[in-house]
Amino acid sequence: KKILLVVGARPNFMKIAPLMHALQDNPHLEAILVHTGQHYDNQMSGRFFEELGIPAPHINLEVGSASHAQQTARIMMGFEQVCLDEKPDFVLVVGDVNSTAACTLVAAKLNIKSIHYEAGLRSRDRSMPEEINRLVTDAISDYFFTTSVDADDNLLKEGVSADQIFMVGNLMIDTLEANLSKAQSSTQIFPLLNKGEHINIADIAKAGYGVMTFHRPSNVDNKEILTQLVSIWGAISEKIPLVFPIHPRTYKNIQQFGLLDKINQYEHLLLIEPLGYLEFIHLVSNATFALTDSGGIQEETTHLNIPCLTVRPNTERPVTVWEGSNKLIQLNDIEQEINLILQGNGKKGTNPKYWDGKTAQRIVAILETI
Ligand code: UD1
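Since the structure is predicted, the reported quantities are computational estimates derived from the model, not experimental observations. Residue indices follow the written sequence of each chain, beginning from 1 at its first position. Given that this is a predicted model, residues contribute local features only at a pLDDT of at least 70 and side-chain atom pairs are listed and counted only at 80 or more, while totals for whole chains, interfaces and linings are drawn from all residues.

(A) Up close: the site of the ligand. Near the ligand you find 18 residues, and of these Asp-41, Met-44, Ser-65, Val-97 and Pro-248 are the closest. Per the convention used, a helix needs a DSSP run of H or I reaching at least four residues, while a strand needs a run of E reaching at least two, with both numbered from the N terminus. Of all elements in the fold, only helix H1 (10-23), helix H2 (42-52), helix H5 (129-140) and helix H11 (248-256) reach the threshold of two or more residues within the shell around the ligand. Boundaries between domains were set according to an automatic or database domain assignment. Each of domain 1 (2-169 + 355-369) and domain 2 (182-342) gives at least three residues to the shell around the ligand. Any residue whose backbone-placed C-beta atom lies within 6 Å of a molecule or strand is treated as near that molecule or strand.

What follows is the structure, given as structure tokens:
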């Protein structure tokens, strides 16, 4: 059987890596990797292939950045031709980015069976582009691989039949387990974006630091909200240093809204370039807490049992709150929640079922039978 596996954006790469490894040399399954080029910079894409040992994509559609409609359309046009040329038995997509929805739509129209890994997650917030991608993808997929039981419930309620759903666990945790000890020897000396100096994380690790990521359009595309966030980050950084590997979307907006000077006033608000996987996992695993609006970091901190504060009104990954170390909080609660953590009262949790490093194996066993 021939399977086209699709990746497009940064969070897809950690999910596809263990699958590509598990599929290598499989006598029954031929894996062809397609990169849509939704992310294209070395720091958002290329370096993850090197670090995680993902084979170079067989095909790169090189769609680049554009409006949602344009990007989705370009992916569809490119991927349709790939499907016509390759004639796969299955298309496998991961996550919730534009590439996920676009390629599933193409497969469905060509009557190619599609498989969605990380199916069934729902934030119930349709202002999030990812929620639209999840709904579209799951409405027309044929097989559903899920990371937690709440996702199974969501799919069942939406009318998916139980025999199409497979709770397989979390591929990102496969990648985390495989790389954690290697990550501990990755570099922790980074040039500071706003200060022309370097920071050595080892110097601040003893007294503790927080790691921070923000890139959701709802937090960083609005000038008022981003301005408010900068003030809050600044106030926190006066209590504990904040290390902030900054996403290109966020950095562009900070510059555009004229907030760089304000950021530079805070000595311990430490902006650095987006990190590679190993550097980032090293940074997170030694942090006192994470402050974020990311999806994946909620899961990684849950597995590492590090308090995570997620600044969003909802999450599509509620198991990280029910069982894990994640808390959903509002802008106005950030400082109070950080105080709790600094007093030693950060949230701790347990590891969800099948977040055990063996998810790729489970998936391949199922792929052999469907
Ligand atoms: C995308 C995903 C989001 C995911 C995030 C992780 C969708 C709808 N969004 O959002 O779910 O959490 O990736 O990063 O699929 N840019 C670069 N280099 C790159 C790619 C982008 O500089 O390699 C810049 C471009 O100016 C672009 C901006 O970053 O306009 C935002 O990128 P885009 O892919 O539109 O969305 P993300 O915010 O990255």
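(B) Inspection of unusual backbone geometry at higher detail. A positive phi angle, close to 60°, is found at Arg-124, a residue other than glycine. By secondary structure assignment, the location of Arg-124 is in the loop between strand E5 (113-117) and H5. On the basis of neighbour count, Arg-124 is assigned to the exposed category, with 10 C-beta atoms found within 10 Å. You will see that Asn-305, though not glycine, has its phi angle at about 55°, which is positive. Looking at Asn-305, the number of C-beta atoms within 10 Å reads 15, which means it is partly exposed. Buried residues are those with 20 or more other C-beta atoms within 10 Å of their own C-beta, exposed residues have 12 or fewer, and partly exposed residues lie in between; C-beta atoms are placed from the backbone.

(C) Seen up close, the sheet that holds strand E14 (residues 308-311). Strand order across the open sheet formed by six strands is E12-E11-E10-E13-E14-E15, with parallel pairing between neighbours. Two strands close off the open sheet at either side, each with one partner strand: strand E12 (269-272) and strand E15 (326-329). Mean inter-strand twist for the sheet, computed between neighbouring axes without regard to direction, equals 20°. One ladder, built from three bridges, connects strand E13 (residues 289-292) with E14; its direction is parallel. By the bridge assignment for E14, Leu-291 is matched with Leu-309. Any two strands are treated as partners once DSSP identifies two or more bridges connecting them. Comment: axis = line fitted to C-alpha atoms, over the contacting stretch for helices; angle = value between 0 and 180 degrees taken between N-to-C directions.

(D) How the structure looks around the UniProt feature "domain: UDP-N-acetylglucosamine 2-epimerase" (unreviewed entry) in the chain. UniProt positions are given in the numbering used here, feature names are shortened, and annotations may be inferred rather than shown by experiment. According to UniProt, the feature "domain: UDP-N-acetylglucosamine 2-epimerase" (unreviewed entry) maps to residues 22-368 in the numbering used here. Secondary structure content for residues 22-368 is 45% helix and 16% strand, and the end C-alpha separation is 12 Å.

(E) Focus on the sheet that holds strand E6 (residues 143-146). Strand order in the open sheet formed by seven strands is E3-E2-E1-E4-E5-E6-E7, and the pairing between neighbours is parallel. At either end of the open sheet lies a strand with only one pairing partner, and these are strand E3 (59-60) and strand E7 (165-167). Throughout, a pair of residues is in contact if the C-beta atoms placed from their backbones lie within 7 Å. On top of the sheet, helix H4 (residues 98-109) reaches strand E1 (2-7), strand E4 (90-94) and E5; it is set at about 165° to E4, its chief contact.

(F) Molecular detail of the domain arrangement of the chain. According to the domain assignment, the chain contains domain 1 (2-169 + 355-369) and domain 2 (182-342). Just the C-alpha atoms count here: the centres of domain 1 and domain 2 sit 27 Å apart. Elements with a contribution of two residues or more to the side of domain 1 that touches domain 2: H1 and H2. The residue classification treats Ala, Val, Leu, Ile, Met, Phe, Trp, Tyr, Cys and Pro as nonpolar and Asp, Glu, Lys and Arg as charged. All others, Gly included, are polar. Split into classes, the residues belonging to the side of domain 1 that touches domain 2 amount to seven nonpolar, four polar and seven charged.

(G) Summary view of the packing of helix H7 (residues 171-183) against helix H13 (residues 277-285). Between H7 and H13, the least distance of the axes is 9 Å, while the angle of their chain directions is 80°. In this view, H7 runs roughly perpendicular relative to H13, as classed from their interaxial angle. Packed against H7, whose contacting residues are Leu-176, Asn-179, Leu-180, Lys-182 and Ala-183, the element H13 presents Tyr-277, Leu-278, Ile-281, His-282 and Ser-285 at the interface. Of the residues assigned to the contact of H7 with H13, the class counts are six nonpolar, three polar and one charged. Throughout, the term roughly parallel applies to angles under 35 degrees, roughly antiparallel to angles over 145, roughly perpendicular to angles from 65 to 115, and oblique to all others.

(H) Layout of the environment of Val-321. Inspection of the secondary structure puts Val-321 in helix H15 (residues 319-322). On the basis of neighbour count, Val-321 is assigned to the partly exposed category, with 18 C-beta atoms found within 10 Å. Placed 28 residues apart in sequence, Val-321 and Gly-349 show a C-alpha to C-alpha distance of 8.4 Å. If sequence neighbours within four positions are ignored, Val-321 has contacts with Thr-315, Asn-326, Lys-327 and Leu-328.

(I) Representation of the pairing of E1. Burial of E1 is extensive: five of the six residues sit out of reach of the surface. Looking at chain direction, E1 and strand E2 (residues 30-35) are connected through six bridges and run parallel. In the sheet register, Val-6 faces E2, and the bridge partner there is Val-34. Handedness of a crossover: with both strands directed away from the viewer, a clockwise path from the first strand across the helix to the second marks it as right-handed. A crossover links E1 with its parallel partner E2, the connecting element being H1, and its sense is right-handed. For E1 and E4, the ladder comprises three bridges, and the chain directions are parallel. Within E4, the position partnered with Ile-3 by the bridge is Phe-90.

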